[in-house]
Amino acid sequence: MTTTLPLAGIRVLDLTRAYAGPTATAYLADLGAEVIKIEAASRPDIPTREINFAENDPGDCPWERAAYFHRLNVGKQDITLDLTNAQGIELFRRLVPLADIVAENYNPATMERFGLGYEALKAVNPRIIMLSMSGFGATGPRRSWAAYYPAMESMSGMASMTGYPDGETMYSGTGYADWILGSAGAAAVLIALYHRNRVGEGQYIDVSGREALLVHMGEAIADFSMNGRAPGPVGNRHPSMAPHDTYRAAGDDSWVAIAVRDEQDWKAFCQVLGHPAWTRDERFADPAARWHNQDEMRPMIEAWTSSRGHREAARSLLEAGVPSEPVLDPREILLDPQVRDRGYFEVIEHPVVGSRLYPRQVPAHYSAIPRQGRAHPPLLGQDNRQVLGGLLNLGDDELARLEEAGVIGSRPLRATRGGPRPHPFEAWRRAGGQIDDDYQALLSGAYGQPIGPNGDPDLTDRELRTSP
Amino acid sequence: MPSEAFAGLRILDLTQGIAGPSCTKWFADFGAEVIKIEPPAAGDAARSAGPYPGDLPNAEASGLFLYLNSRKKSVTINIRSEAGRGIVRRLAGEADILFEDFGPGELSAWGLDYEALRGVNQALIYVSVTNFGQTGPYRDDPATDLTLAAASGTMNVRALAGRQPIRMGGSQSYYIAGRVGFISVMGALLSRDVTGEGQAVDVSMLEAAASNDMAAPTSFAYQGLIRQPRRGPATRGRGGMGRYPCKDGWVDVMPGVGGLRKLAVMLGEPALAAHPWFEDHQLRNEHAAEFDEQFMDPWFKERTRAEVVAAAQAVGMPFSYTLGVDELFDDPQFEARNAFATVEHPVAGRQRLPAAPAALSATPWQAGPAPLLGEHNEEILCGRLSYTRNELSVLREQGVI
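Every chain is numbered on its own, with residues counted from 1 as its sequence reads. Going through the entries in the order they are written, you letter the chains from A and number the ligands from 1. For a predicted model such as this one, the threshold for reporting local features is a pLDDT of at least 70, and the threshold for listing and counting side-chain atom pairs is 80 or more; totals across whole chains, interfaces and linings nevertheless cover every residue.

Considerations on the overall build of chain B
Within chain B, the secondary structure is distributed over 16 helices and twelve strands. In terms of overall dimensions, chain B has a C-alpha envelope of 85 × 50 × 45 Å along the principal axes. In this scheme the burial state of a residue depends on its C-beta neighbours within 10 Å: 20 or more other such atoms mean buried, 12 or fewer mean exposed, and anything in between means partly exposed; the C-beta positions come from the backbone. The proportion of buried residues among the 401 residues of chain B is 56%. Placing C-beta atoms from the backbone, we regard two residues as in contact once those atoms come within 7 Å. Of all intrachain contacts in chain B linking residues separated by at least 6 positions in sequence, the fraction that spans at least 24 positions is 67%. Comment: elements are numbered from the N terminus, with helices defined as DSSP H or I runs of at least four residues and strands as E runs of at least two.

With respect to the overall build of chain A
Regarding its fold elements, chain A presents 20 helices and 13 strands. At 25 Å, chain A has a C-alpha radius of gyration in line with the 23 Å of a compact globule built from 468 residues. Taking the principal axes of the C-alpha coordinates as reference, chain A spans close to 85 × 55 × 50 Å. Counting over 468 residues, chain A shows a buried share of 55%. A sequence separation of at least 24 residues applies to 71% of the contacts in chain A between residues at least 6 apart. We take the radius of gyration over the C-alpha atoms and set the globule estimate at 2.2 Å times the residue count to the 0.38 power.

A few points about unusual backbone geometry
A cis amide bond, omega 0°, links I46(A) with the succeeding residue P47(A). Its location among the elements puts P47(A) in the loop between β2 (34-39) and α2 (67-72). Backbone torsion omega between G50(B) and P51(B) reads -5°, so that peptide bond is classified as cis. As for its placement among the helices and strands, P51(B) is situated in the loop between β2 (33-38) and α2 (63-68). The backbone of N393(A) sits at a positive phi, close to 60°, despite the residue not being glycine. Summarising the element assignment, N393(A) is placed in the loop between α16 (384-391) and α17 (396-404). Using a count of 9 C-beta atoms within 10 Å as the deciding quantity, one classes N393(A) as exposed.

As for the interface of chain A and chain B
You'll often see interface size given as the accessible area lost when the parts meet. Contacts between chain A and chain B engage 140 residues on the former and 117 residues on the latter. With 17 residues, helix α7 (residues 176-199) of chain A is the largest single contributor of residues to the side of chain A that touches chain B. Classifying every residue of the side of chain A that touches chain B gives 79 nonpolar, 40 polar and 21 charged. As defined by bridge partners, strand β6 (residues 203-208) of chain A adjoins strand β12 (residues 359-360) of chain B across two bridges and the pair is classed as antiparallel. Counted as the bridge partner of D206(A) is A359(B) from β12(B). Gly falls in the polar group here, along with every residue not listed as nonpolar (Ala, Val, Leu, Ile, Met, Phe, Trp, Tyr, Cys, Pro) or charged (Asp, Glu, Lys, Arg). Paired strands, in this sense, are two strands between which DSSP finds at least two bridges.

Digging into the sheet that holds strand β4 (residues 101-104) of chain A
In space, the seven strands of this open sheet follow the order β3(A)-β2(A)-β1(A)-β4(A)-β5(A)-β6(A)-β12(B), with mixed pairing throughout. Two strands bound the open sheet, and with one partner strand each, they are β3 (77-80) of chain A together with β12 of chain B. Those strands touched by α16(A) are β2 and β3 of chain A, and its axis lies near 75° from that of β3(A). Every axis corresponds to a line fitted to the C-alpha atoms, with the helix fit spanning only the stretch in contact, and the corresponding angles, defined between N-to-C directions, vary from 0 to 180 degrees.

Examining the domain arrangement of chain B
Either an automatic procedure or a domain database provided the assignment from which the domain bounds are taken. Here chain B is described as being made up of domain 1 (10-214 + 336-397) and domain 2 (242-326). Put simply, the middle of domain 1 of chain B and the middle of domain 2 of chain B, counted by C-alpha atoms, are 46 Å apart.

Some words on the confidence of the model for chain A
The share of residues in chain A with pLDDT of 70 or more is 95%, and the mean pLDDT across the chain is 93. Within the model, the stretch residues 455-468 of chain A combines pLDDT values under 50 with 26 contacts to residues more than four positions away or in other chains. How sure the predictor is of each residue is captured by pLDDT, a score from 0 to 100.

Re the sheet that holds strand β12 (residues 365-366) of chain A
Strand order in the open sheet made by the seven strands is β12(A)-β6(B)-β5(B)-β4(B)-β1(B)-β2(B)-β3(B), with mixed pairing throughout. Either end of the sheet is taken by a strand with one partner, and the two such strands are β12 of chain A together with β3 (73-76) of chain B. Contacts between helix α1 (residues 19-29) of chain B and the sheet are confined to β1 (10-13), β2, β4 (97-100) and β5 (125-130) of chain B, with β1(B) contributing the most and set at about 165° to the helix.

Observations regarding the pairing of β4(B)
On β4(B), burial covers both faces: I97(B) and F99(B) on one face and L98(B) and E100(B) on the other are all buried. The crossover handedness rule: strands pointing away from the viewer, path from first strand over the helix to second strand clockwise, crossover right-handed. Handedness of the crossover is the feature at issue here: the chain leaves β4(B), passes through helix α4 (residues 114-120) of chain B, returns alongside β5(B), and the resulting connection is right-handed.

Comments concerning helix α19 (residues 439-447) of chain A
Of the residues making up α19(A), those classed as buried are Y439(A), Q440(A) and L443(A). Down the axis of α19(A), the buried side of the element spans an arc of 95°, and every buried residue falls inside it. Taken together, the buried residues of α19(A) touch α14 (330-335) and β11 (354-359) of chain A together with α8 (216-223) of chain B. Backbone geometry just downstream of α19(A) places G448(A) in the positive-phi region, at approximately 65°. Directions from the helix axis toward the C-beta atoms define the arc.

Focus: helix α13 (residues 310-319) of chain A
Residue and element names in this part refer to chain A. All buried positions along α13 are accounted for by H310, A313, A314 and L317. In a view along the axis of α13, the buried residues occupy a sector of 95°, so they form one face of it. Contacts from the buried residues of α13 go to β8 (255-259), α10 (263-272), α12 (294-305) and β9 (324-326). Following α13 by one or two positions, G321 adopts a phi angle in the positive range, close to 90°.

Remarks on the packing of helix α1 (residues 20-30) of chain A against α7(A)
All names here are of chain A. Direction vectors running N to C along α1 and α7 enclose 40°, while the axes themselves pass 7 Å from each other. Here α1 is positioned oblique relative to α7, judged by the angle of their axes. Helix-helix and strand crossings are classified by hand; for α1 and α7 the assignment is right-handed. On α7, the residues touching A20, G21, T23, A24, Y27 and L28 of α1 are D178, W179, L181, G182, S183, G185, A186 and V189. Any angle between 65 and 115 degrees counts as roughly perpendicular, while under 35 counts as roughly parallel, over 145 as roughly antiparallel, and the rest as oblique. What makes a crossing left-handed is the near helix being turned counterclockwise from the far one by less than a right angle; a clockwise turn instead makes it right-handed.

Focus on the pairing of strand β10 (residues 345-350) of chain A
All names here are of chain A. The pairing of β10 with β11 spans six bridges and is classified as antiparallel. Residue pairing across strands places I348 opposite R356, the latter belonging to β11. As consecutive antiparallel partners, β10 and β11 are separated by three residues.

Pasting the structure below:
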């Protein structure tokens, strides 16, 4: 039995910020690497430490209550080091020989400007693997162009395929391109580690979010190459299956997805809906006819789906062998029996926000690698002493001097733009948004342990300040 | 000659469609030998998915198949026959990794489950890619890309007020499963470098699809937020933010940090930065229509999407516009980075397809054509497993290959 995780002993210097970059290193952390996240006290991870606070309350130390930061940085260590400062760069340079991987998602010229480009890193550590992630890539005429996830989705063509057939194109709304970029970065690093295990050399990896999206658009690009045809937004339409969509179920804004793959599914579907006669209706005689008349079928199908809950509707169809699932919302996915049975969400206790639920970044089950509990998302600079003191032998005096000079620190050195703001929940409610005030009790019941602010109430920003 | 990261690595691939093959594509892309086991006659289901050149169905020219299976080898084996299963067992004895996407437990009836194959090959990594995983109450439910997107919780956010939620374009649940599967398998492969032991890896497409949503479940666990108010159809941008019309379409305007100063520079009048509407967010909102009419519209009207975005990016504003799939091959950045590879295929001819998922300096991605159905029967069965030509004919007559 393997008892250690696959990347045990691999050390990552993680300069990434926001969403895509931290996703890449979250994969490495889940696989057992020692990921040392590096933030500047003058500029902590932006924007993830500045938004979405536990209980929608910024509290005394909002940067330690931020949901997205926690979600993306489970299991990582955290030090502060300001790379706009010569001492910060020098300390970073001293860490490079002790590391296996350097990950970053700055604008492409930035690492060179810090004197920390791949050639410089390689000079101090020939085995280093450097991972650079950006929207447009590190080379080419548009390498300096900036892109958040919507821009990556629109400028790769992905958005052009997404949206209602009769409407505008849409973005994922889930940060898909960020995940795409980060997951491609993680995959590439694992390839480089495999190569290094055999040949002993490191390498430079340049991932573009746009290109990492293209590789998930194979059939659309093939169709253009073969036939000069470009898809528009297709909604839930499938090239051949129909019905193939989401349909209104009972309840407020509740939906069920149904995919009829073939004749067998179609017969079973008509039976379940109580309309066996549809199989003899010439409008639906064969897949092509059903495909052409799919809009006409929507009200006929919704007459059945809208009179039952989305789970109930899906279960009736599944029992007849027809693929169907409720469109789950965030509450429902956390409570889903299948997801819970396989331990997809892990309960981790954080010193400031208490126990919360975090998805496994690598959800696969391994027969020879037992699941292990992960360390809580890190406090700002919590590992300064261990990393800078332990790895670089800096004494307490020196750490104090560095903190004095603003090179390291354990709280942000400046207020965030406009200050941390809670969400306007009341306005959202009035406009039809859904907020469940009972979420802590609900999740505590489902997971059999207290979920919510059961952290140490005495841990105030005074203590946070005194950890160097 | 650059080296290939997976040179010498042997993959036995029993999967079809998108999820499994997009996972093993990573291995083929970076130099592993991937042997596809395809059912005789029809082959991989992706062969009958298209698109086809000229829309003429042809199992050897399906665009989806050609893309997902570049550089792989094809061997046709009927695993419903005992002789076919015997061949798979022998190939598994020499493989580093086996991929399968049958229903949970389905292969154990045929003696091709992990426990059985581990007896032949202690170092084998055995990867199962299934809808819901090998365990759990819903493990045997049927599913498709669409229903997985629904159950993953990632689709819920993508709806306009009063309308049904929609999936991303293309079959993203399947592609996501392929990528998450690859990362998961690399964990087992790197473990094997240390322990010398193989293991079984159980990949759930549902969990893979759920794992790309970075926000929603966390927001619920932290705040009880289920969803923000649904929005209506997009209206044009106002006050220097949102979607603006220009000469040949729409541009997404997002000034970003310090953006209004940059916007003034882009408009060719840096001094405008001192204008009260530029300086004061509140004031600009109050005069949004006038602001647009006076500053935005005249400038945008004169320029194409490409010109607007280039001018904005030149001053550091992350504007963008939606490229159609028909505009990708002409994109100068894609061209400079060889984002598309031209592949010559004996039946489908010359096609351009997406190239590298990532640029690795020492072990770059390599292009190549997808195999014809059963193209490598002789190479693998005679060359690798020492069947004679005569035995091959017999297997063919028996419908085993």
